[in-house]
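# Survey of secondary and tertiary structure
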Amino acid sequence: MTNVSIGAERLARRMARGCDFLGTETAILCGAMSWVSERNLVAAISNAGGFGVIACGAMTPELLDAEIAGTKALTTKPFGVNLITMHPALFDLIAVCGRHGVTHVVLAGGLPPKGSLEAIKATGAKVIAFAPALALAKKLIRSGADALVIEGMEAGGHIGPVSTSVLAQEMLPEVADQVPVFVAGGIGRGEAIAGYLDMGAAGVQLGTRFVCATESIAHPAFKKAFLRASARDAVASVQIDPRLPVIPVRALKNAGGELFTAKQREVAQMLDEGGVAMAEAQLQIEHYWAGALRRAVIDGDVEHGSLMAGQSVGMVTKEEPAAEIITTLMAEAAQALEKRAA
């Protein structure tokens, strides 16, 4: 037996739990990135042995219905759907997933509303929930979550305040024996994947690394911004009003960041004047992000749109097929585990 195959065998053994849970060859999920994680990229990742996840974001139930149908036309492999817990039509979206027989639903953005986990499980799907803190992780497991994603602040898009390495150390020893846990945020190479698997993770989730996949429909200008960027260019947005609890967003520095600061001021003033309720104010912020992202991803307005990116963006160096990205990550992880065998 060659050393390389020892590494590959070790990797397969460490990923087995995640692969069994997802129904895939590799326990690599693609992060749900609005406008980017749509049928083409999702199907490409699933066809390459990973687990693609549709980003529902602000979609209506009708749009999600079409997106799932479109994805099923491109792959027969398992894929998931990411739903935002604050979406006003959450239960309708769950019903759409159920009608299509979606196998896994990922819930992101705060504590799931009452009855939502039960509604998903009633369709026969597995629930994957985001857990930004240990207490929340335990609560979600008690509530019936089948798996967890723990995502550190190095990630792109909406982020929490704690780094991936700290979350992994704090949470994996406590909960990884109860449910499969996928680690996310700042992962750009296979060596990091091997490290988290060794710590007890069932798999990993990567978003930024897949943005420049050949199959990604992101605008060429959006991809070019990623290829040029270094880790320090991916910065977190600043909250300007403590009464408006805006979840920070990590994106590449551009004029769009300043536009968001202005948007926060505008919404905060409306709150002041009693023009909107808090829930509506937060929803306005979410819609702002959806629009700003679309401008960048679809229209290629990389100056005024939102370039959501994780700190691993510096490791995105070329446009290549999703299958090659996964093959490279797996080879790096196997090699790292093989070295540890020496």
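Data block above holds the structure.
Throughout what follows, the structure given in this document is the object of discussion. Since the model is a prediction, treat every value here as computed from it, not as a measurement.

When you tally the buried positions in strand β5 (residues 126–130), you get four out of five residues, the bulk of the element. Sheet analysis places strand β4 (residues 104–108) next to β5, joined by four bridges and oriented parallel. If you follow Val106 over to β5, its bridge partner there is Ile128. With helix α5 (residues 116–122) bridging β4 and its parallel neighbour β5, the resulting β-α-β unit is right-handed. Of the pairings in the sheet, the one linking β5 to strand β6 (residues 147–151) comprises three bridges and is parallel in character. Its bridge partner lying in β6, Ala129 is registered against Leu148. Remark: the β5/helix α6 (residues 134–143)/β6 crossover connection has right-handed handedness.

Before going further, it helps to spend a moment on the packing of helix α3 (residues 61–72) against helix α4 (residues 90–99). The contact between α3 and α4 brings their axes to 9 Å, and the two run at 25°. Taken as axis vectors, α3 and α4 run roughly parallel relative to one another. Relative to α4, the crossing made by α3 is right-handed. Judged by residue contacts, Pro61, Leu64, Asp65 and Ile68 of α3 engage Asp92, Leu93, Val96, Cys97 and Arg99 from α4. A per-class count over the contact of α3 with α4 returns six nonpolar, no polar and three charged.

What follows is about the pattern of salt bridges. If you walk through the whole model with that rule in mind, you get 13 salt bridges. Residues Asp198 and Arg340 are paired through a salt bridge, measuring 2.5 Å at the closest nitrogen-oxygen approach. Residue Asp198 is located in helix α8 (residues 190–198), and its partner Arg340 is located in helix α12 (residues 322–341); the two are separated by 142 residues in the primary sequence. Its salt-bridge partner being Lys263, residue Glu266 comes within 3.4 Å of it at the nearest N-O pair. Here Glu266 pairs with Lys263, and both are found in helix α10 (residues 255–272), just three residues apart, close to one helical turn. By relative accessible area, which is 40% here, Glu266 ends up partly exposed. A network of salt bridges, in which partner residues are shared, links Arg14, Asp198 and Arg340.

This next bit is on the sheet that holds strand β2 (residues 53–55). Here eight strands make up an open sheet; going across it, the order is β1-β9-β8-β6-β5-β4-β3-β2 and the pairing parallel. Two strands in the sheet have a free side with no partner beyond their single neighbour: β1 (28–30) and β2. The sheet shows a mean angle of 25° between the axes of neighbouring strands, taken without regard to direction. On top of the sheet, helix α7 (residues 164–175) reaches β6 and β8 (181–184); it is set at about 155° to β6, its chief contact.

Tracing the backbone through its elements, the reader meets Gly18 in helix α1 (residues 3–22). Since its relative accessible area comes to 0%, Gly18 is described here as buried. C-alpha of Gly18 to C-alpha of Ile28: the two residues are 10 residues apart in sequence and 8.4 Å apart in space. For Gly18, the residues in contact, after removing those within four places along its chain, are Ala27, Phe182 and Ala202.

By size, the foremost hydrophobic cluster in this structure holds 112 residues, and its most contacted members are Ile28, Leu64, Leu83 and Leu148. Here this core gets nine residues from one element, more than from any other, and that element is α12. Not counting chain neighbours up to four residues away, the residues in contact with Leu64 comprise Ile54, Cys56, Met59, Val81, Leu83, Leu93, Val96 and Cys97.

Quick look at the side chain of Asn254 now. Take Asn254: it is sitting in the loop between β11 (249–252) and α10. Of the polar contacts made by the side chain of Asn254, one reaches the backbone oxygen of Val302; its length is 2.7 Å. Other than its neighbours up to four places away in sequence, Asn254 contacts Val302, Glu303, His304, Gly305 and Leu307.

Conventions adopted
Residues numbered from 1 in each chain as written. Predicted model: local features only at pLDDT ≥ 70, side-chain atom pairs only at ≥ 80, totals over all residues. Heavy atoms only, no water. Buried < 20%, exposed > 50% of the residue type's maximum accessible area, 1.4 Å probe, protein only. Helix = DSSP H or I, 4+ residues; strand = E, 2+ residues; numbered from the N terminus. Pairing = 2+ DSSP bridges. Right-handed = clockwise from strand over helix to strand, strands pointing away. Axes fitted to C-alpha atoms, helices over the stretch in contact; angles between N-to-C directions. Parallel < 35°, antiparallel > 145°, perpendicular 65-115°, else oblique. Left-handed = near helix turned anticlockwise from the far one by under 90°. Contact = heavy atoms within 4.5 Å. Nonpolar A, V, L, I, M, F, W, Y, C, P; charged D, E, K, R; others polar. Salt bridge = Lys/Arg side-chain N within 4 Å of Asp/Glu carboxyl O. Core = buried A, V, L, I, M, F, W, Y, C linked by side-chain atoms within 4.5 Å. Polar contact = N/O pair within 3.5 Å; in protein donor to acceptor, adjacent residues only side chain to side chain.

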